[in-house]
Amino acid sequence: MNIGIVCYPTFGGSGVVATELGKALASKGHKVHFITYQQPVRLDIFSENIFYHEVKVSDYPLFDYQPYELVLTSKLVDVVKFEKLDILHVHYAIPHASAAYMAQHILKSEGINIPFVTTLHGTDITLVGKDSSFAPVITFAINESNAVTAVSESLKQDTLEHFSVKREIEVIPNFICLDQFNYNGNIDGLKKSFAPNSEKILVHVSNFRKVKRVDDVMKIFDVVRKKIPAVLLMVGDGPERHRLEELCRELKTCHLVKFLGKVKDTERILAASDLFLLPSESESFGLAALEAMAAKTPVISTNTGGLSEVNENGISGFLSNVGDVQSMGENALKILSDNSTLEKFKKGAYQRAKKFDIHAILPLYEKLYKRIVG
Ligand code: GMT
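What you see is a predicted model; the values in this text were computed from it and never measured.

Engineer: Could you give me a rundown of the packing of aromatic side chains, with the residues and numbers involved?
Structural biologist: A full pass over the atoms with the stated rule returns seven aromatic pairs. Look at Tyr37 and Tyr68: their rings are 5.8 Å apart centre to centre, the planes differ by 85°, and that puts the pair in the edge-to-face class. Here Tyr68 lies in helix α2 (residues 68–83) and Tyr37 lies in the loop between β2 (31–36) and β3 (50–54), a separation of 31 residues in the sequence. Geometrically, the ring pair formed by Phe285 and Phe356 is edge-to-face, given 5.7 Å between the ring centres and 90° between the ring planes. Linking Phe285 in the loop between β11 (275–278) and α12 (287–294) with Phe356 in the loop between α15 (339–354) and α16 (358–373), this pair joins segments that are 71 residues apart in sequence. This pair shows no difference in class: Phe285 is buried, exactly as Phe356 is. The ring of Phe259 has Arg241 lying over it, and the distance from NZ or CZ to the ring centre is 4.3 Å. Residue placement shows Lys296 over the ring face of Tyr350; its charged tip is 4.5 Å from the ring centre.

Engineer: Provide a residue-level description of the domain arrangement of the chain, including the pertinent values.
Structural biologist: Examined at the domain level, the chain breaks down into domain 1 (2–175 + 357–373) and domain 2 (178–354). Just the C-alpha atoms count here: the centres of domain 1 and domain 2 sit 30 Å apart. The partner domain 2 presents 22 residues to the 24 residues of domain 1 that form the contact. Between domain 1 and domain 2 the total buried area reaches about 1,500 Å² when both faces are included, carbon and sulfur atoms providing 53% of it. Together, Phe11, Arg42 and Asp357 form the three largest contributors to the area buried by domain 1 at its contact with domain 2, with a combined 34%. The interface formed by domain 1 and domain 2 includes one salt bridge. Between Glu291 and Arg42 there is a salt bridge whose closest N-O contact spans 3.1 Å. At the junction of domain 1 and domain 2, the tally comes to eight residue pairs in polar contact (both at pLDDT 80 or more). Those elements that provide at least two residues to the side of domain 1 that touches domain 2 are α1 (13–27), α4 (123–126) and α6 (153–162). Of the residues forming the side of domain 1 that touches domain 2, the biggest block, four residues, is contributed by α1. Of the residues in the side of domain 1 that touches domain 2, the class split is nine nonpolar, 10 polar and five charged.

Quick notes on the rules
- All chains use their own residue numbering, which begins from 1 and follows the written sequence.
- Reporting in this predicted model follows two pLDDT cut-offs: at least 70 for local features of residues, and 80 or more for side-chain atom pairs to be given and counted; totals over whole chains, interfaces and linings ignore these cut-offs and use all residues.
- Processing note: side-chain calculations cover all non-hydrogen atoms of the structure and skip hydrogens and water entirely.
- Within 6.5 Å between ring centres, the rings of Phe, Tyr and Trp (the latter by its six-membered ring) count as paired, and their orientation is classed by plane angle as stacked under 30 degrees, edge-to-face over 60, tilted in between.
- By the criteria applied, helices consist of DSSP H or I runs no shorter than four residues and strands consist of E runs no shorter than two, each listed in order from the N terminus.
- Each residue is assigned to one of three classes by its accessible area relative to the maximum for its type, calculated with a 1.4 Å probe on protein chains only: buried under 20%, partly exposed between the two thresholds, exposed over 50%.
- By definition here, charges over rings are those cases where NZ of Lys or CZ of Arg is within 6 Å of the ring centre and within 35 degrees of the ring normal.
- Segmentation into domains, and thus their bounds, comes from an automatic or database assignment.
- In this analysis, two residues are considered to be in contact whenever any of their non-hydrogen atoms come within 4.5 Å of each other.
- Buried area is calculated as the accessible area (1.4 Å probe) missing from two parts once they are joined, with the contributions of both summed.
- Between Lys or Arg on one side and Asp or Glu on the other, a salt bridge is scored when a side-chain nitrogen of the former is within 4 Å of a carboxyl oxygen of the latter.
- We define a polar contact as two N or O atoms separated by no more than 3.5 Å, with the added condition that, inside protein, one atom must be a possible hydrogen donor and the other a possible acceptor, whereas residues neighbouring each other in sequence contribute only through side-chain atom pairs.
- Asp, Glu, Lys and Arg are counted as charged, while Ala, Val, Leu, Ile, Met, Phe, Trp, Tyr, Cys and Pro are counted as nonpolar; the rest, among them Gly, fall into the polar class.

Next comes the structure, spelled out in structure tokens:
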């Protein structure tokens, strides 16, 4: 099949899922065209089946706000026509689904039929989507998509609750390439560089937005390090970074916290870590937690949104209420208290991650594409 993928090319989960999906489809022989405003961060391989089309938004002085959605629409029309695409798969409802709808109708006027699938990822529904100014467009674009998927049952329910959606939403969970994250290389040197005295290594990966409650990461770590020798790795960057630096000064933990910045290949860091922390306020799925689990690192998370569909309480880690840093800290200590418990949770995390292996999930997308292309 000749598939066009639209996504945000940044470090956000939706872009990562879209890119990994495209790479996997290309490895199965499909031709995959990424249509984005920048090369997606995870699009780091060469494949004869992968193509990249840049959506170039020019800086025209008349516009205070550049019309990205219109430029994207025109690009979609162009790529569908000249690359003879069979289907478009857009990730994140706004503005990708509405741009696909518009492109579909422009092409229809020229006698070309192009169906599009919309995948809802989370903040497009739970945060941005709830801003009532977006509601009419999101509702319309969801209802007019040829198929809609959500990355968790929880996100599907949120969508049905907040928007007047009259159509079927299929749940296709996010996935992981187990072979990639089950890192088998030597990590002793890396472990030693982070934890020279064999401290336990805790890790958090995100874009440090408010929704991730990164303050709570610091507070959970503070509970842990008061009981056992531990260090904390903070991977990523974002608006809360400054606040985090202040907080670790207040808590007097700066010497134990390492900010590693935006790392493309997190698998080695995850494999070298003992515990992953994800105390988010809202999380439709929690791909970062799944990546940790696939690297055999158990997860301490909140029980919000789709996290309980990913992290299995008492098996791959523990879940607590949002904001309950004491409970999350105590649960972390339960896992880290002795090596046999840690080993048990590491195995549990990996076993749970297997359920989301790409080999199990990819055929669900292929089946969906076939159904709507006809
Ligand atoms: O939350 C992020 O870091 C980014 C965001 C995105 O859309 O790029 O992530 C959302 O989509 C991911 C992939 O489906 C999910 O794993 C995340 O849970 C979801 N984030 C939220 O719901 C807050």
